[in-house]
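# Commentary on secondary and tertiary structure
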Amino acid sequence: MDKYLVVGRPIEHSKSPFIHGHFAKQTHQELEYSTLLGDETHFEEQVRDFFAKGGKGMNVTMPFKERAYAMCQVLSKRAQQAGAVNTLMMGRNGDLFGDTTDGVGMVRDITVNHGQELKGKRILILGAGGAVRGVLDPLLAQSPESITIANRTVSKAQALAEQFSCLASSYEDLDGVFDIIINGSSASLSGDLPPLKDSLVNGKSWCYDMMYAKERTVFLEWVYERGAQGADGLGMLVGQAAESFYLWRQVRPDTSELISQMRASMG
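This structure is a prediction, so every number in the text was calculated from the model and none was measured. (Residues numbered from 1 in each chain as written. Predicted model: local features only at pLDDT ≥ 70, side-chain atom pairs only at ≥ 80, totals over all residues. Heavy atoms only, no water.)

### Some details on the overall build of the protein
Put simply, the rule is: Strands here are runs of E lasting at least two residues and helices are runs of H or I lasting at least four, both read from the DSSP assignment and numbered beginning at the N terminus. To get the radius of gyration, use the C-alpha atoms; to get the globule rule, take the number of residues to the power 0.38 and multiply by 2.2 Å. Exposed residues in this analysis have more than 50% of their type's maximum accessible area, buried residues have under 20%, and partly exposed residues fall in between, with area computed by a 1.4 Å probe over protein chains only. By the convention used here, residues are in contact when the closest approach between their heavy atoms is within 4.5 Å.
Counting secondary structure elements, the protein contains ten helices and twelve strands. On C-alpha atoms alone, the protein measures out to a radius of gyration of 19 Å, which is about the 18 Å that the 2.2 N^0.38 rule sets for 267 residues. When its C-alpha atoms are laid out on the principal axes, the protein stretches across 55 × 40 × 30 Å. Classification of the 267 residues of the protein by burial places 50% in the buried group. Sequence-distant contacts, at least 24 apart, represent 65% of the contacts inside the protein between residues at least 6 apart.

Structure follows, in structure tokens:
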């Protein structure tokens, strides 16, 4: 049976085995998907050993995405732009191929599951870390009017904006209403909110938090209190897994049923 796994540290919390098990059942694919606790010292050896023993594909999560990227002989364009990979597979000639599916998973969630148009829209992204870097290329492919990256440390936003031909701003200097606001800042992890002006959203704005939780995130509370709408990143989690599954098996699973099931189980 074809073997797949997710590697990270920590890893016991990972939903990936459950998600990929659901996809396999739905699409009638025979495979085994497990977890691997990444070793800080011997990570590269763990990857090589898995593929040497016939492993078919691997998901990579924190803190190993950049190290996995450095191991690849072949990289997708979006992985090259992101500087990190979350999906590995072995090419027919023995070259390790790396891709990042986070951004396309998020874009599909926003456009397909939530029916939001990104083309021609004025988009604001909060944060300038690895999570944001990984989604910019797929967002730009949707042809928005503009993407502005805002960050507490403006120099980080400027560096990303320069690489991706976006705009950069401090939170204080943000001006006007945005059609779409995406929160990719680490503030959500600690229950904090970037210093956002009320004037950035109105009733027509739609907002997305890359984090997800049982209750509304602090960012989404802020959004709804100001009359805007939005969603959290549960669909992004499932969507990026679906993209990995498609890369490996050339079958695209439906994500809507699983997202609803996972949402209900969180309640």
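Alright, that's what it looks like, and here's the rest.
### Concerning the packing of aromatic side chains
Just so we agree on the cut-off: Note on ring pairs: Phe, Tyr and Trp rings are taken, using the six-membered ring of Trp, and paired if centres are within 6.5 Å. Classes follow the plane angle, with under 30 degrees stacked, over 60 edge-to-face and the rest tilted.
Summed over the entire model, instances satisfying the criterion amount to seven aromatic pairs. Each ring, one from Phe50 and one from Phe51, has its centre 5.2 Å from the other, and the planes form 75°; the classification is edge-to-face. For the pair formed by Phe50 and Phe51, the shared burial category is buried. Here the aromatic rings of Phe219 and Trp222 are separated by 6.4 Å at their centres, their planes lie at 20°, and the arrangement is stacked.

### Examining helix H9 (residues 234-249)
The line we're drawing: The span you would expect from a helix comes to 1.5 Å times its residue count less one.
The end-to-end C-alpha separation of H9 is 23 Å, in line with the 22 Å expected for 16 residues at 1.5 Å each. Burial of H9 is extensive: 14 of the 16 residues sit out of reach of the surface. Taken from the residues just after H9, Gln250 is the one with a positive phi, measuring 60°.

### Quick word on the environment of Asp175
Among the secondary structure elements, Asp175 is positioned in the loop between strand E9 (167-169) and strand E10 (180-183). With 43 residues separating them along the chain, Asp175 and Val218 place their C-alpha atoms 22 Å apart. When sequence neighbours within four positions are dropped, the list of residues in contact with Asp175 reads Arg122 and Leu200.

### Some words on the pairing of strand E8 (residues 146-150)
Basically, it comes down to this: Pairing between strands is defined by DSSP: at least two bridges between the two strands are required.
The element E8 is largely enclosed, with a buried count of five among its five residues. By the bridge criterion, five bridges tie strand E7 (residues 122-126) to E8 in an arrangement that is parallel. Residue pairing across strands places Arg122 opposite Ser146, the latter belonging to E8. The pairing of E8 with E9 spans three bridges and is classified as parallel. Paired with Thr148 across the strands is Leu167, a residue of E9.

### Thoughts on the sheet that holds E10
As a reminder of what qualifies: The axes are straight lines fitted to the C-alpha atoms, using for helices just the contacting stretch, and the angles between their N-to-C directions are given from 0 to 180°.
Taken in spatial order, the six strands of this open sheet run E9-E8-E7-E10-E11-E12, and their pairing is parallel. Both edges of this open sheet fall to E9 and strand E12 (229-231), since each of them pairs with a single strand only. Taken pair by pair, the neighbouring strands of this sheet meet at an average axis angle of 20°, ignoring direction. Each of E10 and strand E11 (206-209) is contacted by helix H5 (residues 102-113), which is oriented at about 145° to E11, the strand it contacts most. Sheet contacts for helix H8 (residues 218-225): E7, E10, E11 and E12; angle to E11, the most-contacted strand, approximately 170°.

### What about helix H10 (residues 256-266)?
The following threshold applies: The directions considered for the arc run from the helix axis to the C-beta atoms.
Every buried residue belonging to H10 is among Leu258, Ile259, Met262 and Met266, and all of these are buried. Looking down the long axis of H10, one finds its buried residues gathered within 100° of arc, a one-sided arrangement.

### Overview of the nonpolar core
Nonpolar side chains in soluble globular proteins generally cluster together in the buried interior. Quick reminder of the rule: We call a set of buried Ala, Val, Leu, Ile, Met, Phe, Trp, Tyr and Cys residues a nonpolar core when their side-chain atoms join them within 4.5 Å.
One finds Met106, Leu136, Leu139, Ile149, Ile182 and Tyr208 to be the most contacted residues of the largest nonpolar core, which totals 25 residues. Core analysis: the second largest hydrophobic core is formed by 18 residues, Val6, Val238, Trp248 and Ile259 among them.

### Looking at the pairing of E10
By the alternation rule, side chains of E10 split into Ile180 and Ile182 and Ile181 and Asn183, which are all buried. As judged from the four bridges shared by E7 and E10, these two strands associate in the parallel manner. Counterpart to Leu126 in the pairing with E10 is Asn183. The pairing of E10 with E11 spans four bridges and is parallel.

### Structural notes on the pattern of salt bridges
When the charged atoms of two side chains lie near each other, side chains of opposite charge can form a pair. Threshold: When a carboxyl oxygen of Asp or Glu is within 4 Å of a side-chain nitrogen of Lys or Arg, the pair counts as a salt bridge.
This model, assessed by the stated rule, comprises twelve salt bridges. One salt bridge in this structure joins Asp49 and Lys53, with 3.2 Å as the shortest N-O distance. Its relative accessible area of 67% is what places Lys53 among the exposed residues. Put simply, Glu243 and Arg108 hold a salt bridge, and the shortest N to O gap is 3.6 Å. Highlighted residues: Glu243 in helix H9 and Arg108 in helix H5, separated in sequence by 135 residues. A single salt-bridge network, built from bridges that share partners, covers Glu40, Glu44 and Arg67.

The analysis is restricted to geometry; functional conclusions fall outside its scope.
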